[in-house]
Amino acid sequence: MSRVKNAVTCKEVLNLLENLANGWRQPHWKKNLFVHHGMSSQLLEQYKVNGFLNLVWTVDIVKENSYYIQILKVWDILPLSQMPRLANHLDVLFENYTVDKMNRCKHKCLNGCLVVPMRWPIDSNISPNADPVLSLSELLASIGVRDDFESSSTTNM
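Residues numbered from 1 in each chain as written. Predicted model: local features only at pLDDT ≥ 70, side-chain atom pairs only at ≥ 80, totals over all residues. Heavy atoms only, no water.

Novice: I tried to follow the sheet that holds strand β1 (residues 45–48) on my own but got confused; where do I start?
Specialist: Whenever strands of a sheet pair, they do so through backbone hydrogen bonds, lying parallel or antiparallel. Strand order in this open sheet of four strands is β1-β2-β3-β6, and the pairing throughout is antiparallel. For this open sheet the edge positions go to β1 and β6 (119–121), each flanked by a neighbour on one side alone. The sheet shows a mean angle of 30 degrees between the axes of neighbouring strands, taken without regard to direction. Bridge count for strand β3 (residues 67–79) against β6 is three bridges, and the pairing is antiparallel. (Pairing = 2+ DSSP bridges. Helix = DSSP H or I, 4+ residues; strand = E, 2+ residues; numbered from the N terminus. Axes fitted to C-alpha atoms, helices over the stretch in contact; angles between N-to-C directions.)

Novice: Can you walk me through the nonpolar core in this structure?
Specialist: Across soluble globular proteins, nonpolar side chains show a tendency to be buried alongside one another. Core analysis: the largest hydrophobic core is formed by 17 residues, its most contacted members being Leu-43, Leu-44, Val-56 and Tyr-97. Taken together, the elements giving at least two residues each to this core come down to β2 (53–64), α2 (83–94) and α3 (99–106). The greatest single-element share of this core, amounting to five residues, is contributed by α2. (Core = buried A, V, L, I, M, F, W, Y, C linked by side-chain atoms within 4.5 Å. Buried < 20%, exposed > 50% of the residue type's maximum accessible area, 1.4 Å probe, protein only.)

Novice: Which parts of the structure should I look at to understand the environment of Asp-123?
Specialist: Mapped onto the elements of the fold, Asp-123 is located in the loop between β6 and α4 (132–142). Note on Asp-123: relative accessible area 72%, which makes it exposed. A C-alpha to C-alpha distance of 7.7 Å links Asp-123 and Ser-66, two positions 57 residues apart in sequence.

Novice: Where do I start with the environment of Lys-63 in this structure?
Specialist: Tracing the sequence through the fold places Lys-63 in strand β2. Take Lys-63: its relative accessible area is 61%, and that puts it in the exposed class. With residues up to four places along the chain from it excluded, the contact list for Lys-63 reads Tyr-68 and Ile-122. (Contact = heavy atoms within 4.5 Å.)

Novice: Help me understand the pairing of β2 in this model?
Specialist: Here is the key point about a regular strand: its side chains alternate between the two faces of the sheet. Within β2, nine of the twelve residues are buried, which leaves the element mostly enclosed by the surrounding structure. Inspection of the sheet shows β1 paired to β2 by four bridges, in the antiparallel sense. Across the sheet, residue Glu-45 finds its bridge partner in β2, namely Trp-57. Where β2 and β3 come together, twelve bridges link them in antiparallel fashion. Note on β3: the bridge partner recorded for Glu-64 is Tyr-67. Linkage of β2 to β3, two consecutive antiparallel strands, is achieved through a turn of two residues, within which Asn-65 is found at a positive phi near 55 degrees.

Novice: Explanation requested: α2 in the structure shown.
Specialist: Note that an α-helix has 3.6 residues per turn; residues three or four places apart therefore point the same way. If you check α2, its first and last C-alpha atoms are 16 Å apart, about what twelve residues at 1.5 Å a residue would give, namely 16 Å. Those residues of α2 not exposed but buried are Met-83, Leu-86, Ala-87, Leu-90, Asp-91 and Phe-94. Along the axis of α2, the buried positions cluster into a sector of 145 degrees, meaning they face one direction only. Exposed positions of α2 whose direction lies more than 90 degrees from the buried face are Arg-85, His-89 and Val-92. (Expected span 1.5 Å × (residues − 1). Arc of directions from axis to C-beta.)

Novice: What is the right way to look at α3 in this model?
Specialist: Residues of α3 that are buried include every one of Met-102, Asn-103, Arg-104 and Cys-105, and no others. Along its buried surface, α3 packs onto β2, β3 and β6.

In structure tokens, the structure reads:
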């Protein structure tokens, strides 16, 4: 944010980050300003901030206590012309991700039209490709979704 000097643009970025943290996602028809065919294309999200800059982010997985937890990871705010360089850098990083980690990053848990962070016990065999109804009911039984969502949106940005 320190590189963004325009106060209006900073406010737009902060508003967009707050909306993302609260589960809002852009409609699919507004996405894909930049087309990339590398490994990062599976995870990379870009949202227009103004007519010139884009917020570039992904969902990542961190270990916290005895869980894997989805978080938002913001990579940069940059013009579309600089996206290829960032995407190539992220391709190298994402090549080290296991298939399981990639699947967990891509997994979406919806609460109405909002995306809420998912978490999985580290010692569990539950994978994102398992029966979603069983997996979700088991996970919801073991956690408080509301508390988890509120703490994730404020602490994991």
